[in-house]
Each structure stands twice: as C-alpha cells, then as structure tokens.
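Descriptive analysis of the structure
So you can see what is in the structure, the chains are spelled out below.
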Amino acid sequence: MTSRFALLFLAVLAVPACVSAPERPTGAATKAPVRIATKSPMRPNLPAPRPAALVQATPGLEGVIGGDAEQLTRLFGAPRLDIRDEDARKLQWSGPGCVLDAYLYEGTRGGRAIATYVDARRGDGRDVDRAACVASLRRKLPVPSTP
C-alpha cells in the first residue's frame, strides 16, 4: 500500500511538468499591452474650500458684529479670554451683569478676522439678551433680568 501511495504521489507531481506554457506571437503581430488610465492613489488630499462665514445681523449689535479684534478691544477693553483655533477666534468679556463671547472668523474682510456671531449669558449660565449685554459692557452697568 505504501508503494502505491508513493507512486500516486510521484504521478501527481509529474503532471504539471507535462503541461507547456502557451506560445506567444512574435514579430509584427505582437501588440503592445493595453494601459487603462486610473486615478492616482498618490493624489494629495487638498482641503475643501471653506464656505463664506455667515454674519449675524441683529439690532443692538451694530459695531460688534463685523468688528475685528482691535475694534472690539477699543469698545470693551482687553478681553478676559482670547482663544484661537485654526481659522476661528473667540474673545470674551465679562461685566457686572453678563459674559459676552464674540466669535471671529478669518477671511471675512480682506483676510482679517471679524466677529460674525456673539453670545451672552449670566455668570450662572442663563441666557441674557445680547444687545442688552453689549450695552451694559459699553457702560459697565448690570444687565436687567430677562423673563
């Protein structure tokens, strides 16, 4: 039985040696390989263009919305916080009745960052009217309560 197994094994190994490779045409009949154009996987990842910033327009916020950091500093004094993150900047002022956050985005006025949005709250986190907060910070007065 062992010799039959060995003979069968040798026969199986010999079969591929009997098969010949396909013939290739020579001379003028030879065609050039066909190349298929594909997108290069090495294409650099370019960042998508950023959309233009939307500017909030609310009565009472004139001079704040659309103002740059220098204008806002002249208006309210030195900010308590100045946080930068890529193309955005957050400036924060605090007064007796409210905290005002101004969000500035680059590229909205000739490459300079301008305020496109403001948010206002009390020290405990409750919302406050933004225009009233801006007015109180200009005069350094407490903000009246909102219902």
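**Observations concerning the environment of Asp-82**
In this fold, Asp-82 is placed in strand β1 (residues 81-85). Judged by relative accessible area, which is 37%, Asp-82 ranks as partly exposed. The contact partners of Asp-82, leaving out residues within four places of it in the chain, are Arg-89, Lys-90 and Leu-91. Here the side chain of Asp-82 touches Arg-89 through a polar contact of 2.5 Å, side chain to side chain.

**Some thoughts on the pattern of salt bridges**
Under the definition given, this model contains six salt bridges. Between Arg-121 and Asp-101 there is a salt bridge, with the nearest N and O atoms lying 2.4 Å from each other. Residue Arg-121 is found in strand β4 (residues 112-121), and its partner Asp-101 is found in strand β3 (residues 99-109); the two are separated by 20 residues along the sequence. The partner of Arg-126 in a salt bridge is Asp-124, with the nearest N and O atoms 3.0 Å apart. Among the residues examined, Asp-124 registers a relative accessible area of 54% and is labelled exposed. Shared partners join several salt bridges into a network, and the residues in it are Asp-82, Arg-84 and Arg-89.

**Quick look at the environment of Gln-92**
Within the secondary structure, Gln-92 sits in strand β2 (residues 88-94). Separated by 28 residues in sequence, Gln-92 and Ala-120 place their C-alpha atoms 9.6 Å apart. The residues contacting Gln-92, other than those within four sequence positions of it, are Pro-79, Arg-80, Leu-81, Val-99, Leu-100, Asp-101 and Arg-121. A distance of 2.7 Å separates a polar atom in the side chain of Gln-92 from a polar atom in the side chain of Asp-101.

**Looking at helix α2 (residues 69-76)**
Here α2 has its buried residues at Ala-69, Leu-72 and Phe-76. Projected down its long axis, α2 shows its buried positions confined to an angular sector of 65°, all on one face. Exposed residues on α2 whose side chains face more than 90 degrees from its buried face are Glu-70 and Arg-74. N-capping of α2 is provided by Asp-68, with a side-chain oxygen placed 3.2 Å from the backbone N of Glu-70.

**Some words on the confidence of the model for the protein chain**
Counting all residues, the mean pLDDT for the protein chain is 75, and 53% of those residues have values of 70 or more. Per-element mean pLDDT across the protein chain ranges from 60 in helix α1 (residues 2-18) up to 93 in β2.

**Considering unusual backbone geometry**
Look at Glu-86: it is not a glycine, yet its phi comes out positive at around 50°. Structurally, the position occupied by Glu-86 is in the loop between β1 and β2. Judged by relative accessible area, which is 66%, Glu-86 ranks as exposed.

**Things to note about the state of the cysteines**
Going through the model one piece at a time under the given rule, you end up with one disulfide. Each sulfur of the disulfide joining Cys-98 and Cys-133 lies 2.0 Å from the other. Handedness here is read from the sign of the S-S torsion; for Cys-98 and Cys-133, about 90°, the answer is right-handed. Of this pair, Cys-98 sits in the loop between β2 and β3 while Cys-133 is found in helix α3 (residues 130-139), placing the two residues 35 residues apart along the sequence. For Cys-133, a relative accessible area of 0% gives the class buried.

Reading the values: rules and limits
- Residues numbered from 1 in each chain as written.
- Predicted model: local features only at pLDDT ≥ 70, side-chain atom pairs only at ≥ 80, totals over all residues.
- Heavy atoms only, no water.
- Helix = DSSP H or I, 4+ residues; strand = E, 2+ residues; numbered from the N terminus.
- Buried < 20%, exposed > 50% of the residue type's maximum accessible area, 1.4 Å probe, protein only.
- Contact = heavy atoms within 4.5 Å.
- Polar contact = N/O pair within 3.5 Å; in protein donor to acceptor, adjacent residues only side chain to side chain.
- Salt bridge = Lys/Arg side-chain N within 4 Å of Asp/Glu carboxyl O.
- Arc of directions from axis to C-beta.
- pLDDT = per-residue confidence, 0-100.
- Disulfide = S-S within 2.5 Å.

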